Amino acid sequence: MSSSSKPSYLGTLNAIVNGERKAFEFLDAWAMKTTNPDLSAMLKTVALREAEHAASFEKRMCELGYEFQEKKDPTFKKTMEIVLSNSDDAEKFEKLDIGLGGLDGEDRLLQLLADKNIDPHTGALLGRFIAEERDSDRLLQKAYQRTKGVGPAPEESVTLSDLQKQLARLTKIVSGLQDKPPKKKPKRRAVK
Ligand SMILES: [Fe+2]
């Protein structure tokens, strides 16, 4: 493809792929390191979203006829050190500066769609990406609050005996309904 037809947003796509790949790597490593099973499951979910974002945008670059360029991030070594350290999880959130509810991320995401040259297909990918990133941020914020002991406690898991009790109640209600004789239709007075 000639340089004149090179999309203006190619650099943005490349930066997303770089960022999302690294995010997958450290979130996945953290998910395996933590001893908190709820946090681990949430981190795994967010990590997989990141991996999928990286693949979607790399695919889009390929469709447009360009190859992804890997960029070295000098801060990434430090990120991995934090994640793999024996600091507690709350401390890791703070050191990594994630889940703390800052507004910088929001501004960065909104800027992505500011390029008016974006083709509809890439625009749709970006829209979904932004919505998912916001949702991931909400999950991370909640998880951080929990590691700090603030906010609602995780919902208690439903035990088998709870389910059996619920089922027994429902069965009783349903059989009660079946026992009831069908309502008689009100007799119509014959009209002469
Ligand atoms: Fe991300």
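Before reading on, note that the structure itself is shown above.
Conventions and cut-offs
Residues numbered from 1 in each chain as written. Predicted model: local features only at pLDDT ≥ 70, side-chain atom pairs only at ≥ 80, totals over all residues. Heavy atoms only, no water. Donors = N, O, S within 2.8 Å, 3.2 Å for Na, K, Ca; no water. Tetrahedral: all angles 85-135°; square planar, octahedral: opposite > 155°, others 65-115°. Helix = DSSP H or I, 4+ residues; strand = E, 2+ residues; numbered from the N terminus. Buried < 20%, exposed > 50% of the residue type's maximum accessible area, 1.4 Å probe, protein only. Polar contact = N/O pair within 3.5 Å; in protein donor to acceptor, adjacent residues only side chain to side chain. Contact = heavy atoms within 4.5 Å. Expected span 1.5 Å × (residues − 1). Core = buried A, V, L, I, M, F, W, Y, C linked by side-chain atoms within 4.5 Å.

A. Examining the coordination of the iron ion more closely. Protein-derived coordination of the iron ion comes from E20 (OE), E20 (OE), E50 (OE), E50 (OE), E133 (OE) and E133 (OE), at a distance range of 2.3 to 2.7 Å. One way to put it: the six donor atoms around the iron ion meet at angles of 51 to 123 degrees, and that makes the site irregular. Sequence spacing of the donor residues for the iron ion, all on one chain, is E-x29-E-x82-E. Taken together, the residues span a long stretch of sequence, with E20 in helix α1 (residues 10-33) and E50 in helix α2 (residues 37-64) at a distance of 30 residues. With respect to class, E20 is no different from E50; both count as buried.

B. Summary view of the side chain of R49. Summarising the element assignment, R49 is placed in helix α2. Separated by 2.9 Å, the side chains of R49 and D135 make a polar contact. Setting aside its immediate chain neighbours within four residues, R49 contacts E132, D135, S136 and L139.

C. Main features of α2. Here α2 contains 28 residues, and its C-alpha end-to-end distance of 41 Å stays within 8% of the 40 Å for a straight helix at 1.5 Å per residue. Where α2 starts, the residue carrying a side-chain oxygen 3.0 Å from the main-chain nitrogen of D38 turns out to be N36. G65 lies just past α2 and shows a positive phi near 95 degrees.

D. Fine view of the environment of L112. Along the chain, the position of L112 falls in helix α5 (residues 104-112). The sequence separation of L112 and I130 amounts to 18 residues, and the corresponding C-alpha distance is 8.8 Å. Setting aside residues no more than four positions away along its own chain, L112 makes contact with T12, I16, I118, L126, F129 and I130.

E. Focus on the nonpolar core. Of all hydrophobic cores here, the largest spans 22 residues; its most connected members are F26, L27, W30, L43, F93 and I98. Listed by contribution, the elements that provide at least two residues to this core are α1, α2, α3 (76-84), α4 (89-96) and α6 (120-147). Residue contributions to this core peak at six residues, all from α1. If we ignore the near neighbours within four places in the chain, the residues touching F93 are W30, L39, I98, G99, L100, L140, A143, Y144 and T147. Membership of the second largest hydrophobic core comes to 18 residues, among which are L10, L13, L109 and L125.

F. Highlighting the environment of T34. Within the secondary structure, T34 sits in the loop between α1 and α2. Taking relative accessible area as the criterion, T34 reaches 12% and is therefore assigned buried. Each C-alpha atom of the pair T34 and L84 lies 9.0 Å from the other, and the pair is 50 residues apart in sequence. One polar contact links the side chain of T34 to the main-chain amide nitrogen of N36, over a distance of 3.1 Å.

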